[in-house]
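Residue-level structural notes
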Amino acid sequence: MLLVYKATAFFPEHERFGLCSQFQRAAVSIPANIAEGYRKISKADKLRFLNIAQGSLEECRYYIILSKDLAYIQEQEYMELANLIEEVSRLLNAYCKGISSKRFDD
């Protein structure tokens, strides 16, 4: 998430309320929904919040590609962000699988 804020700090001014805002909002949504889901008691509630986090993650994946295509970020920054997205995606998917297979008292 911090990398998103660092990257968007250098986007053109006309993107401040457009791509910057959307990208930052999606990046913040990922850990916020993971945290909210963590505290839910039922499996269904946990998975619903984690699914929202997964959606925000995919939104960020698109914004990274768009930012590179618009030449707002360089290749190195793109790779760093893309690798981070992949890592978070793997961890989040594993967390979802773990919750899905765990028995809860619903």
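See the structure printed just above.
Scope of this entry: the structure provided in the associated data block.

Rules of the game
- Just so you know, the residues in each chain are numbered from 1, in the order the chain's sequence is written.
- Two thresholds apply to this predicted model, a pLDDT of at least 70 for residue-level local features and 80 or more for giving and counting side-chain atom pairs, whereas whole-chain, interface and lining totals are computed over all residues.
- Excluded from the side-chain calculation are hydrogens and water; included are all heavy atoms of the structure.
- Angles run from 0 to 180 degrees between N-to-C directions of axes, and those axes are lines fitted to C-alpha atoms, restricted for helices to the stretch in contact.
- Counting from the N terminus, the helices are the DSSP runs of H or I reaching at least four residues and the strands are the DSSP runs of E reaching at least two.
- By definition in this entry, angles of less than 35 degrees are roughly parallel, angles greater than 145 are roughly antiparallel, angles of 65 to 115 are roughly perpendicular, and the rest are oblique.
- Helix crossings fall into two classes, left-handed where the near helix is turned counterclockwise from the far one by less than a right angle and right-handed where it is turned clockwise.
- Classification convention: Asp, Glu, Lys, Arg as charged; Ala, Val, Leu, Ile, Met, Phe, Trp, Tyr, Cys, Pro as nonpolar; all other residues, Gly among them, as polar.
- Each residue is placed in one exposure class: buried if its accessible area under a 1.4 Å probe, protein chains only, is under 20% of its type's maximum, exposed if it is over 50%, and partly exposed if it falls in between.
- In what follows, a contact means two residues having at least one pair of non-hydrogen atoms within 4.5 Å.
- Pairing of aromatic rings covers Phe, Tyr and Trp, the last counted by its six-membered ring, and requires centre-to-centre distances within 6.5 Å; plane angles under 30 degrees mean stacked, over 60 mean edge-to-face, and any other angle means tilted.
- In this text, buried Ala, Val, Leu, Ile, Met, Phe, Trp, Tyr and Cys residues form a nonpolar core when linked through side-chain atoms within 4.5 Å.
- Between Lys or Arg on one side and Asp or Glu on the other, a salt bridge is scored when a side-chain nitrogen of the former is within 4 Å of a carboxyl oxygen of the latter.
- Patches here are clusters of residues that have more than 30% relative accessible area and form no salt bridge, with a 9 Å joining cutoff for like charges and a 5 Å cutoff for nonpolar side chains (Val, Leu, Ile, Met, Phe, Trp, Tyr).
- What sets the accessible areas is the Shrake-Rupley method with a 1.4 Å probe; for residues, cover comes only from the shown protein chains.

This brings us to the packing of helix α2 (residues 19-38) against helix α3 (residues 43-69). Orientation of α2 relative to α3, taken along the N-to-C sense of each, is 155°, at an axis distance of 8 Å. Here α3 runs roughly antiparallel to α2, going by the angle between their axes. Seen from above, α2 lies across α3 with left-handed handedness. Across the contact of α2 with α3, the residue classes tally to 16 nonpolar, six polar and four charged.

To continue, consider the environment of isoleucine 73. Topologically, isoleucine 73 is positioned in the loop between α3 and α4 (75-101). Judged by relative accessible area, which is 4%, isoleucine 73 ranks as buried. For isoleucine 73 and asparagine 33, which are 40 residues apart along the polypeptide, the C-alpha to C-alpha distance reads 27 Å. Not counting the four nearest positions on each side in its chain, isoleucine 73 is found in contact with Ala7, Phe11, Ile64, Ser67, Lys68, Tyr78 and Leu81.

Summed over the entire model, instances satisfying the criterion amount to three aromatic pairs. Ring centres 5.1 Å apart and planes at 50° place the aromatic pair phenylalanine 11 and tyrosine 72 in the tilted group. Residue phenylalanine 11 is found in the loop between α1 (2-8) and α2, and its partner tyrosine 72 is found in the loop between α3 and α4; the two are separated by 61 residues along the sequence. Between tyrosine 62 and tyrosine 63 the ring centres are 5.8 Å apart and the planes differ by 55°, which places this aromatic pair in the tilted class.

Membership of the largest hydrophobic core comes to 24 residues, with the highest contact counts inside it found for Phe11, Phe23, Cys60, Ile64, Ile73 and Leu81. Where this core is concerned, the elements lending two or more residues are α1, α2, α3 and α4. With seven residues, the top contributor of residues to this core is α4.

So, on to the pattern of salt bridges. All told, the structure shown has six salt bridges when counted by the stated rule. A salt bridge links glutamate 59 to arginine 25; the shortest N-O distance between them is 2.4 Å. Of this pair, glutamate 59 sits in helix α3 while arginine 25 sits in helix α2; the two residues are 34 residues apart in sequence, bridging distant segments of the chain. A salt bridge links arginine 61 to glutamate 86, with the shortest nitrogen-to-oxygen separation between them at 2.3 Å. In this pair, arginine 61 sits in helix α3 while glutamate 86 sits in helix α4, placing the two residues 25 residues apart along the sequence. It is possible to trace a salt-bridge network through shared partners that takes in Glu58, Arg61 and Glu86.

Attention shifts here to a nonpolar patch on the surface. A cluster of nonpolar side chains, namely Met1, Leu2, Tyr5 and Val28, defines an oily patch on the protein surface of about 370 Å² accessible area. Mapped onto the secondary structure, tyrosine 5 falls in helix α1.

Purely geometric stuff here, so don't read any function into it on its own.
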